[in-house]
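Per-entry structural report
For reference, the chains in residue letters:
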Amino acid sequence: MRLPPETLRRFAAEKLGEAGLCSNHAGIVADTLVEGDLLGHVTHGLALLPRYLDELRSGGMAHEGAADVTSPVGSVVERWDGNWLPGPVLVRAALTVASAKARQHGVGAIAIARSHHIACLAAYLEAVTKQGLAVIIASSSPSNRDVAPFGATGGVYSPNPIAAGWPTEGAPVMLDVSMSITTSGMVAAMAAQGGRLPGGWLVDTEGRATDDPTTRAAGSGALLPLGGLDHGHKGFALGLLVEMLTTGLSGHGRLEATDRWGASVFVMVLDPAHFGGREAFCAQASWIAEACRGASVASGAPPVRLPGQRALERRAENIANGLALAPDLLAVLQKLGLQSETRVAQ
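Here's a quick rundown of the structure. For every chain, the first residue of the written sequence is number 1, and numbering continues from 1 along that sequence. Given that the model is predicted, a residue must reach a pLDDT of at least 70 before its local features are reported, and side-chain atom pairs must reach 80 or more before they are shown or counted; all residues, however, enter totals for whole chains, interfaces and linings. Neither water nor hydrogens contribute to the side-chain values; these are computed over all heavy atoms in the structure.

Here the focus is the overall build of the chain. On a plain count of helices and strands, the chain comes out with 11 helices and 10 strands. Rg of the C-alpha trace for the chain: 20 Å, near the compact-globule value of 20 Å for 346 residues, within the 12% margin. Its C-alpha atoms give the chain principal-axis dimensions of about 50 × 50 × 50 Å. In the chain, buried positions account for 49% of the 346 residues. The contacts in the chain between residues at least 6 apart in sequence include a share of 67% that link residues at least 24 apart. In this description, accessible areas are obtained by the Shrake-Rupley approach with a 1.4 Å probe, and a residue is regarded as covered only by the protein chains that are shown. Only carbon and sulfur atoms are counted for the fraction: they give 56% of the accessible area of the chain, which is about 15400 Å². Both charge centroids of the chain, one from 27 positive and one from 31 negative side chains, sit 2 Å from each other. Numbering of helices and strands starts at the N terminus; helices are DSSP runs of H or I of at least 4 residues and strands are runs of E of at least 2. For this measure, only C-alpha atoms enter the radius of gyration; the expected value for a globule follows 2.2 Å times N^0.38, where N is the number of residues. Buried residues are those whose accessible area, probed at 1.4 Å on protein chains only, stays under 20% of the maximum for their type, while exposed residues exceed 50% and partly exposed ones sit between those limits. In this analysis, two residues are considered to be in contact whenever any of their non-hydrogen atoms come within 4.5 Å of each other. In summary, the charge assignment counts Lys and Arg as positive and Asp and Glu as negative, without counting His or the chain termini. Charge positions are represented by NZ for Lys, CZ for Arg, CG for Asp and CD for Glu.

This is the structure:
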C-alpha cells in the first residue's frame, strides 16, 4: 500500500493542529516529517509524529511564537533562543535568514539554543542548494547521553548529526551523517522489533562491541562513536566538533543538565559568488562528482554513488508512486486516524 505524500502532509498537519500547534507551524513540521520519509530517513520522518504530539500536549514543545534574537542587529551571525519551538520551524526560519545574509556578505550563520527536536537534517538541504548556495547544519541533543567517548563504556553526549549540501551542474551533493555509528532512534526501533543491529554498534559495560539493541534500552552500555572500537577516535573528535558548533556557539547545552527533549543547532549558509564565483564553484564541484562516479570499481560492482544520490532518486520515486510506510508505522498512524482508503491505486 502506497500513500500520496500530500495526503500524509495534510494528515500530520491536522493532528499537530489538534494537539495545539498553530496552523503555520503545523504545516512546516508536517512537510519536514514527510520529506524525511520521502528521502528514506524513516526513523526521522512520520515515525516522530506520535512523540511530537505527546510533547505538544505535555507542553514540552511550544505551540506558537518565534525565536528571540539575542545578538547585534546587522551581524552576519546571530544567536537565537528558540523558546522550545518545533525544530523544523526554527531551522526553516534560520535558513531563510542565513541565506539572505550569505547573498549579501558571502556567509550567514545562526546558532540556536533551546530548540525542540529538528527532525531529519537532510530534509532542509535541497531547497538551499537550488538557490546556488551551500549549507551546513549541525545538531546536538543536550538531554541525550547515548554516545560513549572513544575508550569509554558509558554515554556522555548525543549522536550529533551534521548535514551539508551544495550544488553541482547536475543534482546536488547532500550528506546527513551522525557522529555515532548509529542513531538513538535506530537502536530504539530495533529493540522494539526484537531484532539485532547489523553490526557491533554498541559497547557494553565490559567494553565489548555488541549488536544487541536492548543493551542500551536497559540503560547500560552506549552507542559507539563513528568508527567503532577500531577507529572511533575519529568519530569522537567529530562529535566534539558538533558540540562546539551547537552547544558552544549557542551558549546552552549540557552544562545546564536539562532532561528536556530538544536541540542546540548550528546553521551556516555560504554563497560561492562571494568566493571564487558560482560558475567556478559548480565547475569544481561537478568535476569531482563526475570523477567519483566514474572511478573504477571491482568487477560486477555497481558504480560509485554520491552522498544524497539515492535519497533524491527515492524521493522522486515516492512522489511518483506514493510513499510506502512500514507496517508498524502505518498501524500507528491508522490508530491516530489515518484512513487506509487514501492509498494510491496499484
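We are not done yet, so read on.
So, about empty space enclosed by the protein. Put plainly, a pocket is an open set of points on a 1 Å grid over the protein atoms alone with protein on both sides within 12 Å along at least five of seven lines, a cavity is a set where a 1.4 Å probe fits but cannot get out, and a lining residue has an atom within 4 Å of a point. Grid points are joined across faces, edges and corners, and a volume is the space filled by probe spheres set on the points. Taken as a whole, this structure holds one cavity of 30 Å³ or more when the rule is applied. The volume enclosed by the largest cavity comes to roughly 30 Å³. Lining the largest cavity we find Ala 171, Pro 172, Arg 293, Leu 306, Pro 307, Gly 308 and Gln 309.

To pair, rings of Phe, Tyr and Trp, with the six-membered ring standing in for Trp, must have centres within 6.5 Å; the planes then decide the type, stacked if under 30 degrees apart, edge-to-face if over 60, and tilted in the middle. Scanning the model with the defined rule gives two aromatic pairs in all. Measuring from ring centre to ring centre gives 6.3 Å for Tyr 157 and Phe 236, while their planes differ by 25°; the resulting arrangement is stacked. Within this pair, whereas Tyr 157 is found in the loop between strand S4 (134-140) and strand S5 (162-166), its partner Phe 236 is found in helix H8 (residues 228-250), the two being separated by 79 residues in sequence. Working rule: Lys NZ or Arg CZ, within 6 Å of ring centre, within 35 degrees of ring normal, means a charge sits over the ring. Over the ring of Trp 261 we find Arg 51, and its NZ or CZ is 3.7 Å from the ring centre.

Attention now moves to the pairing of strand S2 (residues 77-81). Alignment of strand S1 (residues 68-69) against S2, held across two bridges, turns out to be antiparallel. The residue bridging Asp 68 from the neighbouring strand is Asp 81, located in S2. In this scheme, strands are said to pair when DSSP sees at least two bridges between them. Pairing geometry for S2 and strand S3 (residues 107-115), over five bridges, is parallel. In the strand pairing of S3, Trp 80 is matched with Ile 112. The handedness of the S2 to S3 crossover, carried by helix H4 (residues 87-105), is right-handed. Seen with its strands pointing away from the viewer, a crossover is right-handed if its path from the first strand over the helix to the second goes clockwise.

Angles here are taken between N-to-C directions and fall from 0 to 180 degrees, while the axes themselves are lines fitted to C-alpha atoms, restricted in helices to the stretch in contact. The interhelical angle for the contact between helix H2 (residues 23-39) and helix H10 (residues 309-321), taken along N-to-C directions, is 110°, at an axis separation of 7 Å. As the angle between them shows, H2 and H10 are arranged roughly perpendicular. Where H2 approaches H10, its residues Glu 35, Asp 37, Leu 38 and Leu 39 are matched on the opposing element by Ala 311, Leu 312, Arg 314, Arg 315, Asn 318 and Ile 319. Side-chain classes are defined by residue name, with Ala, Val, Leu, Ile, Met, Phe, Trp, Tyr, Cys and Pro counting as nonpolar, Asp, Glu, Lys and Arg as charged, and the others, Gly among them, as polar. Per-class residue counts for the contact of H2 with H10 are five nonpolar, one polar and four charged. In this scheme, roughly parallel covers angles under 35 degrees and roughly antiparallel covers those over 145, while 65 to 115 is roughly perpendicular and the rest are oblique.

Glancing now at the layout of surface pockets. If you add up the space inside the second largest pocket, you get close to 280 Å³. In terms of lining residues, the second largest pocket is bounded by 16 residues, among which Arg 92, Ala 123, Tyr 124, Glu 126 and Ala 127 are the most central. Elements with a contribution of two residues or more to the lining of the second largest pocket: H2, H4 and helix H5 (125-129). Ranked by residues supplied to the lining of the second largest pocket, first place goes to H4 with five residues. The class makeup of the residues in the lining of the second largest pocket is five nonpolar, three polar and eight charged.

Turning next to the sheet that holds S5. Strand order in the open sheet formed by seven strands is S1-S2-S3-S10-S4-S5-S6, and the pairing between neighbours is mixed. Unpaired on one side and paired on the other, S1 and strand S6 (173-177) mark the two borders of the sheet. Sheet topology places S4 next to S5; four bridges connect them, and they run antiparallel. When the sheet's bridge partners are listed, Val 135 is paired in S5 with Gly 165.

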